[in-house]
Amino acid sequence: METFVINIGRQLGSGGRAVGHLLAEKLDIAYYDKEILTLAARDSGFCKEVFERSDEHKEFFGSSFCGVGDIFGMGVGYYCNELSNDNLFRLQSEAIRKAASERSCVFIGRCADYVLRDYPRCVNVFIAADAEDRIRRICEDDGVDRQEAQRKMEAGDRKRAEYYNFYSRKKWGAAATYDLCLNSSVLGIEDTVGFIIDFARKKLRLKSEAL
């Protein structure tokens, strides 16, 4: 069977990560969230923390490292432009394309739908949820109160939108950007996963037993 990819964009607290995990488990395919940062670090020679600092943030931060030693983890020198967000995005994109070429995958965020825009067998999904459910989930996951959860929710969405819109030139969260948009508050995590699988079967024109 030909490989395929499911890319998931998500609002913070919408359960997008849980959806991705369950999708990968049910379909027996690879799952990449922060794991893609590890791959990008391994392939580029930069330490993982470099990619984590710019993870789904568009702000340039490379200059803050200038003059700081051992960011490769090997004590070697480097140029500031090697740490620009554009270059880190390029390296991360290369890791995404490499992973997609090797086997079927679920990718969480990181503009994977844009990076794989020429990949022929993709399903691009956006997961949203009601604000109350999102706040509750952030409170539980991060151990914060409601006020802090709301602040995290708004800041997280803003950063993801700025990052996605900047690199893809599309609009984060807009229906026209994706193949499928779902509200996990309506369906719940398990039924959201089932809906995506049914949709992927139709979009990729696969027999039921093939997916």
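You'll find the structure just up there.
Scope of this entry: the structure provided in the associated data block. (Residues numbered from 1 in each chain as written. Predicted model: local features only at pLDDT ≥ 70, side-chain atom pairs only at ≥ 80, totals over all residues. Heavy atoms only, no water.)

Here we take up empty space enclosed by the protein. Per the counting criterion, the structure on display carries two cavities of 30 Å³ or more. Considering only enclosed or pocket space, the largest cavity measures out at about 130 Å³ in volume. Taken together, 16 residues form the lining of the largest cavity, with Gly-9, Gly-109, Arg-110, Cys-111 and Tyr-164 sitting closest to its centre. Residue assignment for the lining of the largest cavity shows that the elements contributing at least two residues are strand S1 (5-10), helix H5 (112-115) and helix H7 (146-168). The element contributing the most residues to the lining of the largest cavity is S1, with four residues. Considering only residue class, the lining of the largest cavity consists of eight nonpolar, three polar and five charged. (1 Å grid on protein atoms, 1.4 Å probe; cavity = no way out; pocket = protein on both sides within 12 Å on 5 of 7 lines; lining within 4 Å. Points joined across faces, edges and corners; volume = space filled by probe spheres on them. Helix = DSSP H or I, 4+ residues; strand = E, 2+ residues; numbered from the N terminus. Nonpolar A, V, L, I, M, F, W, Y, C, P; charged D, E, K, R; others polar.)

To continue, consider the packing of helix H6 (residues 131-142) against H7. A packed helix pair is summarised by two numbers, namely the angle formed by the two axes and the spacing between the axes. Where H6 contacts H7, the axes come no closer than 9 Å and their chain directions differ by 110 degrees. What the angle tells us is that H6 and H7 run roughly perpendicular. For the pair H6 and H7, the contacting residues are Ala-131, Glu-132, Arg-134, Ile-135, Ile-138, Cys-139 and Asp-142 in the first and Arg-146, Ala-149, Gln-150, Lys-152, Met-153 and Asp-157 in the second. Here the residues of the contact of H6 with H7 sort into six nonpolar, one polar and six charged. (Axes fitted to C-alpha atoms, helices over the stretch in contact; angles between N-to-C directions. Parallel < 35°, antiparallel > 145°, perpendicular 65-115°, else oblique. Contact = heavy atoms within 4.5 Å.)

Turning next to the pattern of salt bridges. This structure, assessed with the given rule, holds eleven salt bridges. The closest approach of N and O atoms between Arg-17 and Asp-33, which form a salt bridge, is 2.7 Å. Pair noted here: Arg-17 is in helix H1 (residues 16-27) and Asp-33 is in the loop between strand S2 (30-32) and helix H2 (35-44), with a separation of 16 residues, a long-range link. For Asp-33, a relative accessible area of 4% gives the class buried. Close ionic contact of Arg-134 with Asp-157 constitutes a salt bridge, the shortest N to O distance being 2.4 Å. One end of the pair, Arg-134, is in helix H6; the other, Asp-157, is in helix H7, with 23 residues separating them in the sequence. Note on Arg-134: relative accessible area 5%, which makes it buried. Note on Asp-157: relative accessible area 13%, which makes it buried. When salt bridges that share partners are traced, they join Arg-17, Asp-33 and Arg-110 into one network. (Salt bridge = Lys/Arg side-chain N within 4 Å of Asp/Glu carboxyl O. Buried < 20%, exposed > 50% of the residue type's maximum accessible area, 1.4 Å probe, protein only.)

Geometric values such as these leave the question of function open.
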